[in-house]
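This is what each chain is made of:
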Amino acid sequence: MATAAAAAAAYMAFSSFHLSSSVFMRPSLSCRNLRTIPPIRCSISSPSGEFNISFGSGRKEAPKDKLVSEDAAKQDHSFQQPPSHPLFIPWIVRDENGNLTLQMTPPARFLHAMADAKTTSTGVKKKKKPTKAVAPTPGPKHSKAARRFYNENFRDPPQRLSKVLAAAGVSSRRSSEELIFEGRVTVNGSVCNTPQTRVDPARDVIYVNGSRLAKKLPPKVYFALNKPKGYICSFGEKESKSVILLFDDFLKNWNKRNPGLPKPRLFTVGRLDVATTGLIIVTNDGDFAQRLSHPSSKLSKEYIATIDGSVNKRHLIAVTKGTVIEGIQCTPDSVELLPQQPDMSRPRLRIVVHEGRNHEVREIIKNAGLMLHSLKRVRIGGFRLPSDLG
């Protein structure tokens, strides 16, 4: 009853203090052993609100008439008996309503903070000894059956020597054949004069004019080019306005973007005459170019022809019938007169062909008695010229 009355009086005394809502108080204790914590005596000096906490010495006081030696006092302090009554450590906190309360246990917030606190060592850090570099572990060894399966299904098969030289960017396929016939190409130390010889750049050692061919072939690249007027599709040292020259900046930065890989040798898929603009595909994939440009693929090509003068029904019928080019009748797949646009006064025709003869569309329009102002290709098969491509 006395303890409960003291706790109630302590609560009434501390409730008059102005404390922050997020701050709690506890007496600062410094102890290493619970047995040496002195008991706490709570005394209320007056009912006005004074709350005094005093800490007892915890040791038995010797009578005044008895002298105790220093050794005995030290021994008595070191081996002191724990107090018979429980310790009383008050905690003053605010509850959810903002009222001050007195409790016997620390707040949960304080316990969580103590649990999450990181301990730091005050000792001197020892210098770590430098670790020896560990050699990288070799890769897994595959069986002969696994290597054979990989070579048969994933590795590129050996290709013709002239094709490998062209893919490596040495020169065109025809120029590569001339180099082989002249004896300027060696394979595994021997001169090779047969362009059809099957070689693998990753395994065979190939030299061209004393320079070794790279083991890795350049990756396949594909570009859709909006060919401007005045440029030709053939590429040569004397050609000053070839469409391949438009890729100079790309080829100059090739080594930065693709270190360790040789530069691709670019060429156009098919051709457009110097006055025709529009879509043309540029790549270094010979097989892809062959499939696209060969007549057996029968890919349709769409052109927009701008006509000088007027176009009537008689002209449309003549264009639909087509014309004879090099002894072969060339007939367009479809012909359509496009609606008039406010910013263009000249009529326009959409013409779709699949033959791909030289100057086929120009000859068809000329045979119909029309004057061609400009010609633009906008589609090759399923590849259409992007509207935002300058």
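What counts, and where the lines are drawn
- Residues numbered from 1 in each chain as written.
- Predicted model: local features only at pLDDT ≥ 70, side-chain atom pairs only at ≥ 80, totals over all residues.
- Heavy atoms only, no water.
- Helix = DSSP H or I, 4+ residues; strand = E, 2+ residues; numbered from the N terminus.
- Buried < 20%, exposed > 50% of the residue type's maximum accessible area, 1.4 Å probe, protein only.
- Contact = heavy atoms within 4.5 Å.
- Areas by Shrake-Rupley, 256 points an atom, 1.4 Å probe, with all protein chains shown as cover.
- Pairing = 2+ DSSP bridges.
- pLDDT = per-residue confidence, 0-100.
- 1 Å grid on protein atoms, 1.4 Å probe; cavity = no way out; pocket = protein on both sides within 12 Å on 5 of 7 lines; lining within 4 Å.
- Points joined across faces, edges and corners; volume = space filled by probe spheres on them.
- Nonpolar A, V, L, I, M, F, W, Y, C, P; charged D, E, K, R; others polar.
- Phe/Tyr/Trp six-rings, centres within 6.5 Å; stacked < 30°, edge-to-face > 60°.

Let us now look at the overall build of the protein. Across its full length, the protein carries 11 helices and 20 strands. Split into buried and exposed, the 390 residues of the protein put 28% on the buried side. Taking the intrachain contacts of the protein between residues at least 6 apart in sequence as the baseline, contacts between residues at least 24 apart amount to 57%. A total of about 27,400 Å² of accessible surface is found on the protein, and carbon and sulfur atoms cover 53% of it.

Another point: the environment of Gly278. Considering the arrangement of structural elements, one finds Gly278 in strand β13 (residues 277-283). Looking at Gly278, the relative accessible area reads 0%, which means it is buried. Along the chain, Gly278 and Lys227 lie 51 residues apart, while their C-alpha atoms are 5.1 Å from each other. Each residue touching Gly278, except ones within four places of it in the same chain, is listed here: Leu225, Asn226, Lys227, Leu272, Lys376, Arg377 and Leu385.

On to the sheet that holds strand β10 (residues 211-212), then. Spatially, the four strands line up as an open sheet ordered β7-β6-β9-β10, and their pairing is antiparallel. Edge strands, defined here as strands with exactly one partner in the open sheet, are β7 (190-191) and β10. Relative to strand β9 (residues 206-208), strand β6 (residues 185-187) runs antiparallel, the two sharing three bridges. Within β9, the residue paired with Val187 across the bridge is Ile206.

Take unusual backbone geometry next. Residues other than glycine seldom take positive phi values, yet Lys298 does so here, at roughly 55°. Note on Lys298: relative accessible area 62%, which makes it exposed. Here the phi dihedral of His359 falls at roughly 55°; this positive angle occurs in a residue that is not glycine. Inspection of the secondary structure assignment puts His359 in the loop between β18 (348-353) and α11 (360-367). His359 gets classed as partly exposed once you look at its relative accessible area, which sits at 35%.

Tracing the sequence through the fold places Thr268 in strand β12 (residues 267-269). Ignoring any residue separated from it by four or fewer positions in sequence, one finds Thr268 in contact with Cys233, Val243, Ile244, Ile280, Ile281 and Val282.

With that settled, consider the confidence of the model for the protein. Per-residue pLDDT for the protein averages 76, and the proportion of residues at 70 or more is 71%. For the stretch residues 64-69, pLDDT sits under 50, and the model shows two contacts to residues farther than four places along the chain or on other chains. Low pLDDT (under 50) marks residues 72-79, which in the prediction has three contacts with non-local residues, meaning those over four places away or in another chain.

What the rule picks out here adds up to one cavity of 30 Å³ or more. Empty space within the largest cavity amounts to approximately 30 Å³. For the lining of the largest cavity, the class distribution of residues is five nonpolar, no polar and three charged.

With that settled, consider the packing of aromatic side chains. Inspection of every chain in the model, using the stated rule, returns five aromatic pairs. Judged by centre distance (5.0 Å) and plane angle (55°), the rings of Phe223 and Phe247 are tilted. You can see Phe223 sitting in strand β11 (residues 222-227) and its partner Phe247 sitting in the loop between β11 and α7 (248-252), a full 24 residues away along the chain. A relative accessible area of 22% means that Phe223 is categorised as partly exposed.

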